[in-house]
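Residue strings, one per chain:
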Amino acid sequence: VEAIVMNASGCGVAVKDYGHALAHDPAYADKAARISALTRDLSELLPDLIAALRVQVRPGAITQLAFHPPCTLQHGQQLRGGVESHLNALGFSVQVARSESHLCCGSAGTYSVLQPELATQLRDRKLKNLEPLQAQCIVSANIGCIQHLQSGTTTPVKHWVEVLDEALAASAQEAAHV
């Protein structure tokens, strides 16, 4: 196994932490450390795929994207700027909120269930900061953020890889009709 690829940043940060969490467990410390070392967020694979994808991707109708970087990606995994820069390199126009892009959207695992009033305030604040971008779609890297943000807007909210997949499918369909 070369890598364990996680497409949800919340899951990825948890799995990457196995080595630390189980460091003192004689039965699992080595196994957990290996799992942590092998775990990669899906966005970490993009740099090696840009050249191959660039010739296959033709962004379709959705090109103006707003990216919400989940806390688990930017703070937990310390991965910042990759999704945006790589999607931009593929022909999408991706922006982050001009202010407070580092703040939580309010989903935070079970936080939105246990603290719905505060979670809704954080969600609305995040959406207000994304609104000036006038994006056709909001993209993120964590399912909790995606569901939480979608509950407060009519703008579609998707995982960034869904938008990439749609562009690849549209390009393949276009090529099939040629």
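Look up a bit, the structure's there.
Residues numbered from 1 in each chain as written. Predicted model: local features only at pLDDT ≥ 70, side-chain atom pairs only at ≥ 80, totals over all residues. Heavy atoms only, no water.

A sheet is described by the order of its strands in space; here four strands give the open sequence β4-β3-β5-β6, paired in parallel fashion. In this open sheet, the two strands that pair with only one neighbour each are β4 (93-95) and β6 (157-159). When the angles between neighbouring strand axes are averaged without regard to direction, this sheet yields 35°. Of the pairings in the sheet, the one linking strand β3 (residues 64-67) to strand β5 (residues 137-140) comprises three bridges and is parallel in character. Within β5, the residue paired with Ala-66 across the bridge is Ile-138. Docked against the sheet, helix α6 (residues 82-89) engages β3 and β4, running at close to 160° with respect to β4. (Pairing = 2+ DSSP bridges. Helix = DSSP H or I, 4+ residues; strand = E, 2+ residues; numbered from the N terminus. Axes fitted to C-alpha atoms, helices over the stretch in contact; angles between N-to-C directions. Contact = heavy atoms within 4.5 Å.)

Moving on, we get to helix α3 (residues 29-38). Regarding α3, the residues found buried are Ala-29, Ala-32, Ser-36 and Leu-38. Among the structural elements, β1 (4-6), α1 (9-16), α2 (18-21) and β2 (39-41) are those in contact with the buried residues of α3. (Buried < 20%, exposed > 50% of the residue type's maximum accessible area, 1.4 Å probe, protein only.)

Side chains of residues three or four places apart in an α-helix project in the same direction, reflecting 3.6 residues per turn. Here helix α9 (residues 143-150) has its buried residues at Cys-145, Ile-146, His-148 and Leu-149. Buried-residue contacts for α9 involve α7 (111-114), α8 (116-130), β5 and β6.

Looking at the secondary structure, you find Phe-67 in strand β3. Residues Phe-67 and Leu-130, spaced 63 residues apart in sequence, show a C-alpha to C-alpha distance of 8.4 Å. If we skip the residues at most four places from it in the chain, Phe-67 touches Leu-73, Val-83, Glu-84, Val-94, Gln-95, Val-96, Leu-130, Val-139, Ser-140, Ala-141 and Trp-160.

What follows covers the pattern of salt bridges. One pass over the full model with this rule turns up four salt bridges. Glu-100 is paired through a salt bridge with Arg-125; the nearest N and O atoms lie 2.5 Å apart. Here Glu-100 is found in the loop between β4 and α7, whereas its partner Arg-125 is found in helix α8, with 25 residues between them in sequence. Taking relative accessible area as the criterion, Arg-125 reaches 42% and is therefore assigned partly exposed. (Salt bridge = Lys/Arg side-chain N within 4 Å of Asp/Glu carboxyl O.)

In this structure, Leu-65, Phe-67, Leu-87, Phe-92, Val-139, Trp-160 and Leu-164 are the most contacted members of the largest nonpolar core, which totals 20 residues. Contributing elements (two or more residues each) for this core: α4 (46-54), β3, α6, β5 and α10 (160-176). At four residues, α10 tops the list of elements feeding residues into this core. Ignoring any residue separated from it by four or fewer positions in sequence, one finds Trp-160 in contact with Leu-42, Ser-43, Leu-46, Phe-67, Val-83, Leu-87, Val-139, Ser-140 and Ala-141. Counting residues in each nonpolar core, the second largest holds twelve residues, with Leu-127, Leu-130, Ala-135 and Leu-149 among its members. (Core = buried A, V, L, I, M, F, W, Y, C linked by side-chain atoms within 4.5 Å.)

Across three bridges, the pairing between β3 and β4 is parallel. Residue pairing across strands places Ala-66 opposite Gln-95, the latter belonging to β4.

Attention shifts here to the environment of Gly-82. Turning to its location among the elements, Gly-82 is positioned in helix α6. When its relative accessible area of 22% is taken as the criterion, Gly-82 is described as partly exposed. Along the backbone, Gly-82 and Arg-123 are 41 residues apart, and their C-alpha atoms lie at a distance of 23 Å.

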